Amino acid sequence: MIFGETSIEDALGAILGHSTHAGALKLKKGHVLAVRDIEQLREAGVTKVIAARLQETDMEENAAAQKVTRALQWFGVRAGPASTGRVNCYAERAGLFTVDADLIHAINAIDPSVTIATLKPFERVEQGQMVATIKIIPFAVAVSVMETISELARSRTAFGVHGFAGSRVGLIQTMLPSLKATVLDKTRSVIEKRIAANHGFLTSELRPAHASEPLSAAIRELQKANDIVIVFGASAVVDQADVVPASIREAGGAVHHVGMPVDPGNLLVLGELGGNAVIGAPGCARSPKENGFDWVLERLMANVPVTKADIVRMGVGGLLMEIPTRPQPRDPRPPAARSNVAIAVLAAGQSTRMKGYNKLLATFDDVPLVRRSAMTAIEADGHPVIAVLGYMAEECSAALDGLNVVTALNKDYASGLASSLQTAIRHVPPSADGVMMLLADMPALSAADLKSMISRFQNAGGQSVVRATYEGKRGNPVLLPRLLFDEIFSLAGDVGARHLIERGDIPVIDVELGEAAATDVDTPDMLNRAGGTIPDTIR
């Protein structure tokens, strides 16, 4: 490929390296120059352009991306179309993503023109979530490079999604006089949510005494009707011969490993009976926060085998977030007294159900709705308030004139909600511990509503999701802690963060706000009922 300044006399069929404006003519980067383009450029006085000219030994970027896509071996994944040298790959089902890191490293090392980026190994994914992207960086790649990559890509499976298998899970909690029933009830609730998040079912629970004979009998009973048996001991496992591992053996099973190099999660027991997994859960698994138990349970529920060697390799990356209720926390420093919260006013949508009007420019008491929402966020002490604009951005920006807001332009607004969430996250300052995602078309919400949610977030240490509800049903807005920010960039299309929130590894605090949490104005009728007016200037 020849790239650089090219005379327009030699530019027919060349690919523009940069967007070019000449008079009324506007050509985008990547545009292939045709005869009419050359004529118009000449008429506008343009004599040279920055462009790429392909040679016989080159393969055009989209063709190259498709060639890599066809060569890669995968399962549980579908590929999207090639565009601007990129092919995105999406999960066909909910499950666990696995990747041959050595193979991806080897492909990426062949030539910097061709790149493959994927999620981390064993990351949970939902159906339709993007798991990998293949990107050709220049406009073309040498055919010889593509042949080398294709040959290597065909050698073994690059990545895949192991779908959750709908596992049946039995729960055993042993009892001692010192252990309160409320602790057992809470544990069941937490575990049931974990299992449901992995698309499985908690079938039954037994609560025998904390002794080998009754526990081994309970393990044998639940193993017959379940794929996995989870055992919570009333006291922690401190030795290979302790009650939980001893009971697995007494039941006729095998203990593969006691302990794991993941903290929290050290005191896990991995066993097996009759081909089915038996897990001795560590005490930290009574909490919904991520711990080593989650890593093992997720794999087993996706039919991914877990061996002693797998457990041993979990140490790198195994230092997880602290659980505040641990009796001896690793880090004794107190949590920050107050968590700062940014508020993102999501105002980039196209108002597709408003018959050609932009609902955010409709007025309530002579105030445009987008301005009203931003004023509510400012009154609620958002630090800062971020207005995410897209459709009719200039008009919406004018409606915000004079307000202390950070304007964030989502150029990809037509792709859906995920792009607006990502735009908001990019503008959250490091000083903020979370961001409230506030839909701009919810006129019934008050500053007091938002403050109540922020207060709950702060009181919980800034580590929880806080969600508005109406009569117990989820609504909006939603306040996301910083620990979820990176995962927002795994979303694509017209989807929000619901699956990240509901998978069970981060506490969710529901705040009842009444009807305001469910009142938006998607149609002219809904707008009128909420008290809004469409001015003649936007009709």
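What you see is a predicted model, and the numbers here were worked out from it, not measured in a lab.

Procedures and definitions
- Residues numbered from 1 in each chain as written.
- Predicted model: local features only at pLDDT ≥ 70, side-chain atom pairs only at ≥ 80, totals over all residues.
- Heavy atoms only, no water.
- Helix = DSSP H or I, 4+ residues; strand = E, 2+ residues; numbered from the N terminus.
- Contact = heavy atoms within 4.5 Å.
- Areas by Shrake-Rupley, 256 points an atom, 1.4 Å probe, with all protein chains shown as cover.
- Lys, Arg positive; Asp, Glu negative; His and termini not counted.
- Charge placed at Lys NZ, Arg CZ, Asp CG, Glu CD.
- Pairing = 2+ DSSP bridges.
- Axes fitted to C-alpha atoms, helices over the stretch in contact; angles between N-to-C directions.
- Buried < 20%, exposed > 50% of the residue type's maximum accessible area, 1.4 Å probe, protein only.
- Arc of directions from axis to C-beta.
- Core = buried A, V, L, I, M, F, W, Y, C linked by side-chain atoms within 4.5 Å.
- Phe/Tyr/Trp six-rings, centres within 6.5 Å; stacked < 30°, edge-to-face > 60°.
- Patch = residues over 30% accessible without salt bridge, like charges linked within 9 Å, V, L, I, M, F, W, Y side chains within 5 Å.
- Salt bridge = Lys/Arg side-chain N within 4 Å of Asp/Glu carboxyl O.

**Focus on the overall build of the protein chain**
Step number 1: For the protein chain, the count of helices and strands is 16 helices and 30 strands.
Step number 2: In terms of its C-alpha atoms, the protein chain occupies a principal-axis envelope of roughly 95 × 65 × 40 Å.
Step number 3: Considering only contacts in the protein chain between residues 6 or more positions apart, those separated by 24 or more positions represent 70%.
Step number 4: Carbon and sulfur atoms make up 51% of the accessible area of the protein chain, which amounts to about 24900 Å² in all.
Step number 5: Counting 53 positive and 59 negative side-chain charges, the protein chain places the centres of these two groups 2 Å from one another.

**Concerning the sheet that holds strand 30 (residues 508–512)**
Step number 1: Across the sheet, seven strands lie side by side as 26-25-22-27-29-28-30; this open sheet has mixed pairing. If you trace the sheet from one side to the other, it starts and ends with strand 26 (406–409) and strand 30, each paired once. For this sheet, the mean angle separating the axes of adjacent strands, direction not counted, is 25 degrees.
Step number 2: Judged from the six bridges that link them, strand 22 (residues 341–347) and strand 27 (residues 434–439) form a sheet pairing that is parallel. Across the sheet, I343 pairs through a bridge with M436, a residue of strand 27.
Step number 3: The sheet contacts of helix 10 (residues 369–379) involve strand 22, strand 25 (385–389) and strand 27, and relative to strand 22 the element is tilted by about 175 degrees.
Step number 4: Contacting strand 22, strand 25, strand 26 and strand 27, helix 12 (residues 417–426) crosses the sheet at an angle of about 145 degrees to strand 22.

**As for the environment of T307**
Step number 1: By the element assignment, T307 lies in the loop between helix 8 (292–301) and helix 9 (308–312).
Step number 2: When the C-alpha atoms of T307 and F364 are compared, they prove to be 62 Å apart, with 57 residues separating the residues in sequence.

**Some thoughts on the sheet that holds strand 19 (residues 254–258)**
Step number 1: Strand order in this open sheet of six strands is 17-16-18-21-20-19, and the pairing throughout is mixed. With one partner strand each, in any of the chains shown, strand 17 (201–206) and strand 19 form the two edges of the open sheet. Across the sheet, the axes of successive neighbouring strands diverge by a mean angle of 20 degrees, strand direction being ignored.
Step number 2: Note that strand 20 (residues 269–273) and strand 21 (residues 276–281) share five bridges and pair antiparallel. The residue of strand 21 that forms the bridge with E272 is A277.
Step number 3: Sitting on the sheet, helix 7 (residues 243–250) touches strand 18 (228–232), strand 19, strand 20 and strand 21, and the angle it makes with strand 19 is about 155 degrees.
Step number 4: Across the sheet, helix 8 touches strand 16 (168–173), strand 18, strand 20 and strand 21, and the angle it forms with strand 21 is around 165 degrees.

**Observations concerning helix 10**
Step number 1: Those residues of helix 10 not exposed but buried are L369, V370, S373, A374, T376 and A377. End-on, the buried residues of helix 10 take up no more than an arc of 155 degrees, which puts them together on one face.

**Looking at the nonpolar core**
Step number 1: Core analysis: the biggest nonpolar cluster contains 44 residues, and I343, L400 and M436 have the highest contact counts within it.
Step number 2: Breaking this core down by element, the ones donating at least two residues are strand 22, helix 10, strand 25, helix 11 (393–399), strand 27, helix 13 (447–459), strand 28 (465–470) and strand 30.
Step number 3: Residues in contact with I343, not counting those within four places in the same chain, are A377, A380, G382, P384, V385, I386, M436, L438, L450 and I454.
Step number 4: Within the second largest apolar cluster, 32 residues are counted, among which are L103, I134, A153 and F159.

**Re the packing of aromatic side chains**
The geometry of two aromatic rings is summed up by the distance between their centres and the angle between their planes.
Step number 1: Under the definition given, this model contains four aromatic pairs.
Step number 2: Ring centres of W74 and F159 lie 5.5 Å apart, and the angle between their planes is 25 degrees; this geometry places the pair in the stacked category. Linking W74 in strand 7 (residues 73–75) with F159 in strand 15 (residues 157–163), this pair joins segments that are 85 residues apart in sequence.
Step number 3: Residue class for W74 comes out partly exposed when judged on its relative accessible area of 23%.
Step number 4: Relative to F159, the ring of F97 has its centre 5.9 Å away and its plane inclined at 35 degrees; by these criteria the two rings are tilted. Within this pair, whereas F97 is found in strand 10 (residues 95–99), its partner F159 is found in strand 15, the two being separated by 62 residues in sequence.
Step number 5: Assessed through its relative accessible area of 0%, F97 is described here as buried.
Step number 6: Among the residues examined, F159 registers a relative accessible area of 1% and is labelled buried.
Step number 7: Through successive ring pairs, a cluster of aromatic residues spans W74, F97 and F159.

**Considerations on the side chain of T20**
Step number 1: Of note, T20 is situated in strand 3 (residues 20–22).
Step number 2: Given the relative accessible area of 17%, T20 is considered buried.
Step number 3: In this view, T20 contacts L25, K26, L27 and L41; residues no more than four positions away in its chain are not counted.

**Quick word on the pairing of strand 9 (residues 86–91)**
Step number 1: Of all six residues in strand 9, five are buried; the element is thus mostly enclosed.
Step number 2: The hairpin formed by strand 8 (residues 77–79) and strand 9 contains six residues between the paired strands, and T84 there has a positive phi angle of roughly 50 degrees.
Step number 3: For strand 9 and strand 13 (residues 130–136), the ladder comprises five bridges, and the chain directions are antiparallel. Bridging across to strand 13, V87 finds its partner in I134.

**As for a nonpolar patch on the surface**
Step number 1: A surface patch of nonpolar side chains, amounting to about 310 Å² of accessible area, comprises M1, F3, I50 and L54.
Step number 2: Tracing the sequence through the fold places I50 in strand 5 (residues 48–53).

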